Amino acid sequence: MIRAIPSSKFFLHVCAKQSAGWVLGDFCRLVALQLCSSGSIRRAMSFSPKRKGTYEEILHHRSQQSDVGWSLRSYTPPQYRYCSPRRPIDVGTAVLASPIIRHTVLQLSEEDESSFARLEQEAEAIVKEMGHDLGMGAIRLFAFVLSKAWRRIYKAIYVNSEHLTKLQGLCKDYPVLLLPSHRSYMDFLLMSYVCFAVNLPVPVITAGADFMSMKGVGSLLRKSGAFFIRRQFGSDKLYWAIFTEYVQSLVRNGDAPVEFFLEGTRSRAQKSMGPKLGCLSAALEPYFKGEVADIYVVPIGISYDRLLEETLYAYELLGVPKPKESTSGLLKARHVLSGDYGNIHVSFSAPISVHDYFRAGVDRSVHATLPRYMSSHSVEEVACTQSLAVDVLLQQQKAIVLSPWSLVAAILLQHSQPGGMGVAERSQLEGVGVAELAEEVHWLKLQLENFGGRINWPGGYTTEAILMDTLTVHSDLVSVSNENRVYLKHVDDVKSKNAALDPVTMATAVRHLTLALYRNQLLHVFQNLGLVALVVTGSQENEISLEDLYKKFMFLRNLLCKDFIFRPCDVEKDFNGVLLGMKHTNAIVQENNHILVAPSVNKCTVFMSRMFEPFLVAYWVLCQFLLTHNRASWKIRDIIEGTQGLEAAMLNHGMLHHYEILSLELLSNAVNGLIHCGAICREKAANGNPSLLAKPFELSKVATEIASMVTVPTCDDAAAYVKILAVPLSAKL
Amino acid sequence: MLNSIEKSRKCHGKVDCHSTSSQSSVTGSLPKRRQDLLKWNGWGYKDTEFILNEKLQVELTGTRYKLSGMVLPLLKDWMLNNFNVNLDYVRPAQPEFSAADLPSPVINKPFLEDLQTSGLEHSLDCHDRLFRAHGHTLNEIWALREGSFNRIPDLVAWPTSQVEVMQMVQLANKHNVVIIPFGGGTSVTQALECPSTETRMIISLDTSQMHKILWLDEENLTACLESGVTGKEIEQRLASRGFCLGHEPDSYEFSTLGGWVATRASGMKKNIYGNIEDLVVLVRTVTTRGLLEKSCNAPRTSSGPDLHHAILGSEGTLGVVTEVVVKIRPLPECQKYGSVVFPCFQDGVSCLREVARQRCAPASIRLVDNEQFVFGQALKPENNSLVQSFLDGIKKAYLTRWKGFDINKMCVATLVFEGTLKEVEAQEKRVYETAGKFGGLPAGEENGERGYFLTYLIAYIRDMGLQYGIIAESFETSIPWDRVTDLCHNVKDRLRRECKAMGMQHEPFASCRVTQLYDAGACVYFYFAFCIRGLSDPVKAYEEIESAARDEILACGGSISHHHGIGKIRKKWLKQSISGVGVDVLQSIKRTLDPQNIFGNGNLFDAAVPISKL
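Of the regular secondary structure elements, chain B holds 20 helices and 21 strands. In terms of overall size, chain B behaves like a compact globule, its C-alpha atoms giving a radius of gyration of 24 Å where 614 residues would be expected to give roughly 25 Å. Overall size of chain B, expressed as C-alpha extent along the three principal axes, is 75 × 60 × 50 Å. Sorting the 614 residues of chain B into buried and exposed places 58% on the buried side. By sequence separation, contacts in chain B at least 24 residues apart represent 76% of the contacts at least 6 residues apart. On chain B, the mean spot of the 69 positive side-chain charges and the mean spot of the 72 negative ones are 3 Å from each other.

Right, here's the structure in full:
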């Protein structure tokens, strides 16, 4: 079986707890905002028309103008043809009565002699804790309240209509899984809101249990379709059985589409994270066992011009506890929530038929000789599920409509100067001219479109107009002076738990990371291009053979496999595809089977390689950290915090200038990437706890390879700083 | 007849000389020139077919069936609505083949000379040969109507006894000539198709002239029958003595005892009488190595693996079944139809499952889905009585308005009760009570009876459909109880989506019924039909779709076949179904009984060619 939630990403749990508290706060604020609403509803119609290609606006442009009328309108979504209608509470009853739960309880009672009755009680309690309570009352309430609140802060919510008609039909014939990208806690409410708006059945949603315990909010979320899954349940067989049966019961009976987030948690860094297979494989089991004819999986890409959580995410990524709720905080937040958050784009991808997808790879008849309650996935089914999950993530990325701000963020973070002063610093001190920025933005937009990215770029406007619009939306981060220069705004000093991080460093890091979030949104478009560019620009030779390029490309794909979503089997296809694209855009020059380095080091490759440089730098520091600290075994937390400290020291001494490398998520991915490459290996410590073992030879190989592509401090310098740091660090560790 | 008495010497039972002599004058229901009685290119009797009369209403011709001569006013509209057909679009069948249209016979001269010397009756007539070149699989009927044959039997032989069969087989073995046993010719698995690669002479061994009841033993309730006797004939003759066999497959008017054994047939009333494997006491099979038989008529033996089971389902690949001792039963005092309507298919399945759990199934119980229920309604004959149509209206209103049945979801279970009056009454009570627990309402005898009629007439209806460009076929499976409903849903869905994938504009007719109940599962029977307009190769399209449907069945945990058998159309799934080792076991039986592959119809699997032949 596949575990739903890995235990290693410790920082996510920290973050989850933090965010949970914030949700409550922000939610109340939203409602409060609504109640004391006095501001006018702003509409920038010019940039947000009713129709935009296949996209339709659903927030401001409705046939029914009154929110009350709209939220109470007759709503008759399509229903699955074999669904036997039942109340939410009946789902729980059915789960408890299901053969798999009866069997599990019996088995457990035999195994550890705990009483049958106690286990049954336990099962009931779990089901109660888990159960959704979807009702139209809550949906209509949300439809009303959110309409009011969102209209104040969003210019538009766009939904693409090209697959909607098909999807509505599919909902009648097959169970449907909605798989949105997850980059904001708004996703959950937004999806239900959109479904209600476009006459799709409102989904039931798998939610992390941390939202559950909050008074009021928990039950309100339940009523809008959430059911709660504990983040960690390790080897709790009963919980696992109930969780899978609960999901499967919903899929089998097709009560409503089941929505969950493949990435398991919000992607704070704003780029897709590796899929968690627990929920997906549980949801697909009814298909594998022939209980349903097919299941349709709908990847959905959601993008926000501006995130409600932008600074929050930056703090979380740095591992900084959130400042306490205070009156001043609330007032400030009120200010934030009455700001301009631009557009939201919800893009439904073409629904994927699981049957068609698995047709060649899976033989379902292997389940014919076992009773159905016995849960088992064949090796092929596990492999195909994994592959489907990756494809869904790629489809989400493809569907996502990027904001022009992503381009601006990428540019502001770019063009590091030799002295370590990037545009970010320059723009804080001396600013960047709007015209200069517009030119860069325009250039990057062309690159983006050439490599398959989708961007929200209203027709009929100059780049400068669009730039100014997006700068207004992000006026919390940037300001535009009277001289038409763009300045980054100052961030207050930030205190960190990690003693190695001083407040000023942290403040800079927050500023960088906030920009990095938006830049990250577009990285998937360039991920293969970026890797090729890194190799080409890093080369000391006159030319590189395609073979060598491919080898290095492979090395980078393996190393960065946790930071970016790649299909392992598509390496060659991706490589050839990106080379072709680069040749067509003159980004590289190829002669016979060689890339000529000199003409291939140009604006495009340099820009792209610099965009990906911070990742490699962070990996490099991590390698250095492990190489210089000789320990038999590591905990992931120690590696990450230690590396973060080392990075901070190097940043302070001007040896490095990418502040975003302080991101804990990046470091966590780095550890896992190095595990994937075999430079760190997982093992069990004497006490049975999992621990990590650094493999110096492989680590130094990786470090050397990285150093050959990007600029890093010389090893001697680095070692010196490691020594300085070694004392306090080891004392702390 | 002496022959038969000689055979019965071995038995403990009494020989009823009166009975056998009285039967001896009876000629079999199937003449040697079958095409004189039966359609040469379609199902059943020549005099019976569905036609569109001058009022453009469907009418059944002839006098043989209850509906014969009646008008079915609703059927045409049902067809128009379900298939998007146009009555102007007709695909008439081609005229009867002449000798020149058919492949010329491969003649093994020494064999033919020996055969002529032996005096065994045979024919080289092209129409005799053509009639035995096919069963009733869709592609075969299509070939008759619109296509042609690459290979047909080269000679037809009509042995009249086991001894003559033994002579035939010996001759064939001696001259390396292929024998394909031919019974009723109702196969729907291409089992009768001649392998197109076969270069040897092919003899169709028609068993229809072996149709005697050799003896009947009232004490032990057994009878010894020759294998060429048809089901209808058996029942008629046994009934005259106050007995019945009770084996009624849908094809029982034409299919023969030998064919039932060779395909592991299943009868509609198996709940009382059992399937063919439960009915046989002793089977005699002529193989190239001699006669395979048991030594006594004991009801059960433990003597190693039961060799009957090597023959049951062997599909003519091992030898010719010549004589079978079967169990018989006294004729039931009372037979009654019945029906129950359910709000939805799932409820009906739950009810059937409960009936099976309680083991209180009547002689037959079948659950048809909504599509077939509606189809059944379309077969209602013209109704001239105002009262009747008024009552029908009330019934419908009661169900839909009062009981809240959805006309697009409801389905019906049809029932046959048999036994003494008291037994039938008790059975009815129990079944209707159980049905009530699942929302079922008794819906009268007429609905039940119509359901069973449908199954006898369905193949005639198919012929009419072909006329208007609708092709139709049935297939079946068996499956554990917990997967029955899902299987039905999934297979129907698969049929619909495969049709869509082929670019068909209109949804096909995909329908199923649960036809047999067992302790551990059920048999499910599918009807599938679609309009072929616009398809370049309709038969190929059909075969691809059916193949996909079979994949779906296996994926859902269903079997390769419940009673139709493997033939040639399901060979590709045999290994998956019985494992590679299983196929090897069957191969080794084949090798032992028929090393030269005389019974080379190519069913089940491709017989390994002996090394010496290579």
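Now that the structure is up, let's keep going.
At the interface, 21 residues of chain A touch 16 residues of chain B. Carbon and sulfur atoms supply 33% of the area buried between chain A and chain B, which totals about 1600 Å² over both sides. Sorting the residues of chain A by area buried against chain B places A:Tyr82, A:Arg364 and A:Arg372 first, and these three jointly supply 33% of that buried surface. In this structure, the connection of chain A to chain B is made through five salt bridges. The salt bridge involving B:Glu498 is made with A:Arg359; its shortest N-O contact spans 2.3 Å. On the surface where chain A and chain B come into contact, there are 15 residue pairs in polar contact (both at pLDDT 80 or more). Looking at the side of chain A that touches chain B residue by residue, the class counts come to eight nonpolar, five polar and eight charged.

All names here are of chain A. Spatially, β16-β18-β17 is the arrangement adopted by the three strands of the open sheet, whose pairing is antiparallel. Each edge of the open sheet carries a strand with a single partner, namely β16 (543-545) and β17 (589-591). Pairs of neighbouring strands in the sheet enclose a mean axial angle of 30°, with direction left out of account. Here β16 pairs with strand β18 (residues 594-596) via three bridges, running antiparallel. In the strand pairing of β18, Ile544 is matched with Ile595. Across the sheet, helix α21 (residues 546-559) touches β16, β17 and β18, and the angle it forms with β16 is around 75°.

This paragraph deals with the sheet that holds strand β12 (residues 432-433) of chain A. Residues and elements named next belong to chain A. Here we have three strands laid out as an open sheet, ordered β12-β15-β14, and antiparallel in their pairing. Looking along the sheet, the strands with just one partner apiece sit at the ends: β12 and β14 (478-480). The pairing of β14 with strand β15 (residues 485-488) spans three bridges and is antiparallel. Looking across to β15, one finds that Val480 is bridged to Val486.

Here we take up the packing of helix α16 (residues 404-412) of chain A against helix α19 (residues 463-473) of chain A. Residues and elements named next belong to chain A. Their axes nearest at 9 Å, the elements α16 and α19 cross at an angle of 85°. Between α16 and α19, the angle falls in the class roughly perpendicular. Facing Pro404, Trp405 and Val408 of α16, the residues of α19 in contact are Ile466, Leu467, Thr470 and Leu471. The class makeup of the residues in the contact of α16 with α19 is six nonpolar, one polar and no charged.

With that settled, the discussion passes to unusual backbone geometry. All names here are of chain B. Although it is not a glycine, Glu315 adopts a positive phi angle of roughly 55°. As for its placement among the helices and strands, Glu315 is situated in the loop between α12 (308-311) and β13 (320-327). The phi dihedral of Arg359 falls on the positive side, at around 50°, and the residue is not glycine. By the element assignment, Arg359 lies in the loop between α13 (345-358) and β16 (364-368). According to the relative accessible area criterion, Arg359 is exposed, its value standing at 63%.

Let us now look at the state of the cysteines. A covalent bond bridging the sulfur atoms of two cysteines is what the word disulfide describes. All names here are of chain A. As enumerated under the stated definition, the model contains zero disulfides over all chains in all. In this structure Cys171 is not part of a disulfide, and its nearest cysteine sulfur, from Cys195, lies 8.2 Å away. There is no disulfide at Cys681, and the cysteine sulfur nearest it, in Cys677, is 13 Å away.

When the terminal C-alpha atoms of helix α15 (residues 379-399) of chain A are compared, their 30 Å separation across 21 residues agrees well with the 30 Å that a helix rising 1.5 Å per residue should span. The set of residues buried in α15(A) consists of A:Glu381, A:Cys384, A:Thr385, A:Leu388, A:Ala389, A:Val390, A:Asp391, A:Val392, A:Leu393, A:Gln396, A:Gln397 and A:Ala399.

Moving on to the side chain of A:Glu647. Relative to the helices and strands, A:Glu647 resides in helix α25 (residues 636-652). Among all residues touching A:Glu647, those that are not within four sequence positions of it are A:Ala618, A:Val621, A:Ile661, A:Leu662 and A:Leu667.

Below, the discussion takes up the nonpolar core. Core analysis: the biggest nonpolar cluster contains 176 residues, and A:Trp150, A:Tyr154, A:Val346, A:Phe348, A:Phe526 and A:Leu549 have the highest contact counts within it. No other element matches helix α20 (residues 503-538) of chain A, which puts 19 residues into this core. What A:Trp150 contacts, discounting residues up to four positions off in sequence, is A:Leu59, A:Ile157, A:Met186, A:Leu189, A:Leu190 and A:Tyr193. Core analysis: the second largest hydrophobic core is formed by 64 residues, B:Val349, B:Cys488, B:Val539 and B:Ile553 among them.

Residues and elements named next belong to chain A. Most of strand β8 (residues 296-304) is tucked away, with nine of its nine residues classed as buried. Covered by surrounding structure in β8 are Tyr296, Val298, Ile300, Ile302 and Tyr304 together with Val297, Pro299, Gly301 and Ser303, the residues of both alternating faces. With five bridges connecting them, strand β4 (residues 176-180) and β8 associate as parallel partners. The partner of Leu177 across the bridge, within β8, is Val297. Sheet topology places β8 next to strand β10 (residues 352-353); two bridges connect them, and they run antiparallel. Paired with Tyr296 across the bridge in β10 is Ser353. Here five bridges tie β8 to strand β9 (residues 343-348), and the two strands are oriented antiparallel to one another. Looking across to β9, one finds that Tyr304 is bridged to Ile344.

Calculation notes
Residues numbered from 1 in each chain as written. Chains lettered and ligands numbered in written order. Predicted model: local features only at pLDDT ≥ 70, side-chain atom pairs only at ≥ 80, totals over all residues. Heavy atoms only, no water. Helix = DSSP H or I, 4+ residues; strand = E, 2+ residues; numbered from the N terminus. Rg over C-alpha atoms; globule rule 2.2 N^0.38 Å. Buried < 20%, exposed > 50% of the residue type's maximum accessible area, 1.4 Å probe, protein only. Contact = heavy atoms within 4.5 Å. Lys, Arg positive; Asp, Glu negative; His and termini not counted. Charge placed at Lys NZ, Arg CZ, Asp CG, Glu CD. Buried area = accessible area lost by both parts, 1.4 Å probe. Salt bridge = Lys/Arg side-chain N within 4 Å of Asp/Glu carboxyl O. Polar contact = N/O pair within 3.5 Å; in protein donor to acceptor, adjacent residues only side chain to side chain. Nonpolar A, V, L, I, M, F, W, Y, C, P; charged D, E, K, R; others polar. Pairing = 2+ DSSP bridges. Axes fitted to C-alpha atoms, helices over the stretch in contact; angles between N-to-C directions. Parallel < 35°, antiparallel > 145°, perpendicular 65-115°, else oblique. Disulfide = S-S within 2.5 Å. Expected span 1.5 Å × (residues − 1). Core = buried A, V, L, I, M, F, W, Y, C linked by side-chain atoms within 4.5 Å.

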